[in-house]
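# Chain and residue survey
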Amino acid sequence: MGEAWTDQFADAPDVLKSTPEQQTVVCAGKVAIGGGEFVTMAGPCSVETERQLMETAEHVARCGARVLRGGAFKPRSSPYAFQGLGLDGLKLLAAARAATGLAIVTEVMAAADAPLVAEYADILQIGSRSMENYALLEAAAHTGRPILLKRGMVAAVADLLRSAQCVFSHGNPNVILCERGIRTFETATRNTFDVSAIVVLREVSHLPVIADPSHAAGRRSLVPGLARSAVAAGADGLIVEVHPHPEQAWSDGEQSLTFNEFESMMADLAPWCELRAVAPASVQRALETMV
Ligand code: PEP
Ligand code: MN
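Quantities reported herein were computed from a predicted structural model and do not represent experimental measurements. Residues take numbers from 1 onward in each chain, read along the sequence in its written order. Ligands are numbered from 1 and chains lettered from A, in the order in which they are written. Thresholds applied to this predicted model are a pLDDT of at least 70 for local features of residues and 80 or more for the giving and counting of side-chain atom pairs; totals over whole chains, interfaces and linings are not thresholded and use all residues. No hydrogens and no water enter the side-chain calculation; it runs on all heavy atoms of the structure.

### What about the coordination of the manganese ion (ligand 2)?
Threshold: Metal donors: N, O and S atoms at distances within 2.8 Å, or within 3.2 Å for Na, K and Ca, with water omitted from the atom set so that some sites may seem incomplete. Only DSSP runs of H or I covering at least 4 residues are called helices, and only runs of E covering at least 2 are called strands; the numbering of each starts at the N terminus. Exposure classes here rest on a 1.4 Å probe applied to the protein chains alone. A residue is buried below 20% of its type maximum, exposed above 50%, and partly exposed in between.
Donor atoms from the polypeptide that coordinate the manganese ion (ligand 2) comprise C45 (SG), H215 (NE2), E241 (OE) and D252 (OD), at 2.1 to 2.4 Å from the metal. One chain supplies every donor for the manganese ion (ligand 2), spaced along it as C-x169-H-x25-E-x10-D. Residue C45 is found in the loop between β3 (39-43) and α1 (50-62), and its partner E241 is found in strand β10 (residues 237-241); the two are separated by 196 residues along the sequence. Here E241 falls in the buried class, since its relative accessible area comes to 0%.

### Looking at unusual backbone geometry
Residues apart from glycine generally show negative phi values, whereas peptide bonds are mostly found in trans. Phi at D252 is positive, roughly 55 degrees, even though this residue is not glycine. Locating D252 in the fold gives a position in the loop between β10 and α9 (259-290).

### Focus: the site of ligand 1
For clarity, the threshold we go by: We call a residue near a molecule or strand when any one of its heavy atoms sits within 4 Å of it. Polar contact is defined as a pair of N or O atoms within 3.5 Å, subject to the rule that within protein one atom must be able to donate a hydrogen and the other to accept it, and that residues adjacent in sequence are counted only when both atoms are side-chain atoms. Accessible areas in this description were obtained via Shrake-Rupley with a 1.4 Å probe; residue shielding takes into account the shown protein chains only. All residues other than Ala, Val, Leu, Ile, Met, Phe, Trp, Tyr, Cys, Pro, Asp, Glu, Lys and Arg, Gly among them, are scored as polar; the first ten of these are nonpolar and the last four charged.
Surveying the vicinity of ligand 1 reveals the residues C45, R69, K74, P75, Q125, G127, S128, R129, K150, R180, H215 and E241. Within the side chain of R129, a nitrogen or oxygen atom sits 2.9 Å from an oxygen atom of ligand 1. Residue R180 places a side-chain N or O atom 2.7 Å away from an oxygen atom belonging to ligand 1. In isolation ligand 1 offers 290 Å² of accessible surface; the protein chains occlude 98% of this area. Looking at the shell around ligand 1, its residues break down into 2 nonpolar, 4 polar and 6 charged.

### Examining α1
Stated formally: Residue count minus one, scaled by 1.5 Å, sets the expected span of a helix.
With 13 residues, α1 extends 18 Å between its outermost C-alpha atoms, agreeing within 8% with the 18 Å of an ideal straight helix rising 1.5 Å per residue. Taken together, the buried positions of α1 are occupied by Q52, L53, M54, T56, A57, H59 and V60. Just downstream of α1, G64 is the residue with a positive phi angle, here 110 degrees.

### Observations concerning the pairing of β10
Regular strands show a simple pattern: their side chains alternate between the two faces of the sheet. The test is simple: Strands pair, by our definition, only if DSSP identifies at least two bridges between them.
With 5 of 5 residues buried, β10 is to be regarded as a mostly interior element. Residues G237, I239 and E241 line one face of β10 and the alternating positions L238 and V240 line the opposite face, and both faces are buried. Where β3 and β10 come together, 5 bridges link them in parallel fashion. Along β10, the bridge assignment pairs M41 with I239. Where strand β9 (residues 209-211) meets β10, 2 bridges bridge the pair, whose relative direction is parallel. Residue I210 lies in a different strand from β10, and its bridge partner there is G237.

### Brief notes about the packing of aromatic side chains
Selection rule: Note on aromatic contacts: the rings of Phe and Tyr and the six-membered ring of Trp form a pair at centre separations within 6.5 Å, being stacked when their planes are under 30 degrees apart, edge-to-face when over 60 apart, and tilted otherwise.
For the structure shown, the criterion picks out 2 aromatic pairs. An angle of 85 degrees between the planes, with centres 5.7 Å apart, marks the rings of W5 and F9 as edge-to-face. Assessed through its relative accessible area of 3%, F9 is described here as buried. Ring plane angle 85 degrees and centroid distance 4.9 Å describe the contact between F82 and W250, whose orientation is recorded as edge-to-face. You can see F82 sitting in the loop between β4 (67-69) and α2 (87-100) and its partner W250 sitting in the loop between β10 and α9, a full 168 residues away along the chain. Since its relative accessible area comes to 41%, W250 is described here as partly exposed.

### Re the sheet that holds β3
Note the threshold: Axis lines are fitted through C-alpha atoms, for helices just across the contact stretch, and the angle between N-to-C directions can take any value from 0 to 180 degrees. Throughout, a residue-residue contact means that at least one pair of heavy atoms, one from each residue, lies within 4.5 Å.
One closed barrel accounts for 8 strands, arranged β3-β4-β5-β6-β7-β8-β9-β10; its pairing is parallel. Strand-to-strand twist of the sheet, defined as the mean angle between neighbouring strand axes without regard to direction, takes the value 25 degrees. Where strand β6 (residues 123-126) lies against strand β7 (residues 147-150), 3 bridges are found, and the strand directions are parallel. Bridge pairing in β7 places I126 opposite L149. Seen against the sheet, α2 touches β4 and β5 (103-107) and runs at an angle of roughly 160 degrees to β5.

### Remarks on the side chain of S214
Tracing the sequence through the fold places S214 in helix α7 (residues 213-217). Dropping the residues within four chain positions of it, S214 is found in contact with V223, I239, V240, E241 and Q255.

### Thoughts on the confidence of the model for the protein chain
Basically, it comes down to this: On a range of 0 to 100, pLDDT expresses the predictor's confidence in each residue.
This prediction gives the protein chain a mean pLDDT of 95; 95% of its residues lie at or above 70. Mean pLDDT across the secondary structure elements of the protein chain bottoms out at α9, with 79, and peaks at strand β8 (residues 175-179), with 99.

### Here we look at the pattern of salt bridges
Proximity of charged atoms lets side chains of opposite charge pair with each other. Quick note on the threshold: Only one rule defines a salt bridge in this text: a Lys or Arg side-chain nitrogen within 4 Å of an Asp or Glu carboxyl oxygen.
Inspection of the entire model under this criterion finds 14 salt bridges. Between E55 and R51 there is a salt bridge, with its nearest N and O atoms 2.9 Å apart. Here the residue E55 and the residue R51 both occupy positions in helix α1, the gap between them amounting to 4 residues, near one helical turn. Among the residues examined, E55 registers a relative accessible area of 29% and is labelled partly exposed. Judged by relative accessible area, R51 falls into the exposed class, the value being 63%. Two residues, R202 and D236, come together in a salt bridge whose shortest N-O distance is 3.7 Å. Placement of the pair is R202 in helix α6 (residues 195-204) and D236 in the loop between α8 (223-233) and β10, with a sequence separation of 34 residues.

Written out as structure tokens, the structure reads:
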């Protein structure tokens, strides 16, 4: 017979489980990711204005989100599109944290910016386009902040784990993996949400795994359904785009949920999350009543 299928992960030994129960819990501020609580990170694609960010932060916090997302440095497909507010955006994120208690996740795009972004953020996001930027991974790792590592849009699961290993090798074991959709021949969605990657990652790695249904879907109507499938697949959390007026958003408006849509999605997810939390005990009870 051939080699074990897990041999493809041999370059990422530190992020693989050594026992089926091994699970890393990543702490960011007062939030624990991978520790049993389903953690929702939500906010606009880009930080635009104080009012936009504050209103969104307050709303998502009221609906149960624990982490505020928002890009201050934006990777854009066009060099002429809005590139982010930079330091002013980071300051607005810090103000939103002070007002709401939410932890902050924001993207770092350049190695030289890592110390600055780490001054303001609780979690550093490495974007899909940067997953294999090893100089950036090293600089982000050295800040000591937890790293939210997004899967590259043409990266295999093994490539994602290799990049996580790279962060580990620079002394930072606090990595959260994120499935955000991959490029396929399908054009009905912006990317193809690879729900099987969530299941594979949960099986082979001890790192927390979250899902980004917004960038996978590309259209807001699809986001709640993909989010539900992420919960059912065993994800430890979500990162979702929300905007007070998506039609006026400076980036990714088509996939951003309105406030009402986010509220409904959170209400819809609640029983699924509860089921996920109680499943092992209820299964145990069911087994006990069978004997
Ligand atoms: C984002 O989170 O806004 C983003 C640009 O995501 P990705 O890197 O997954 O495209
Ligand atoms: Mn976006």
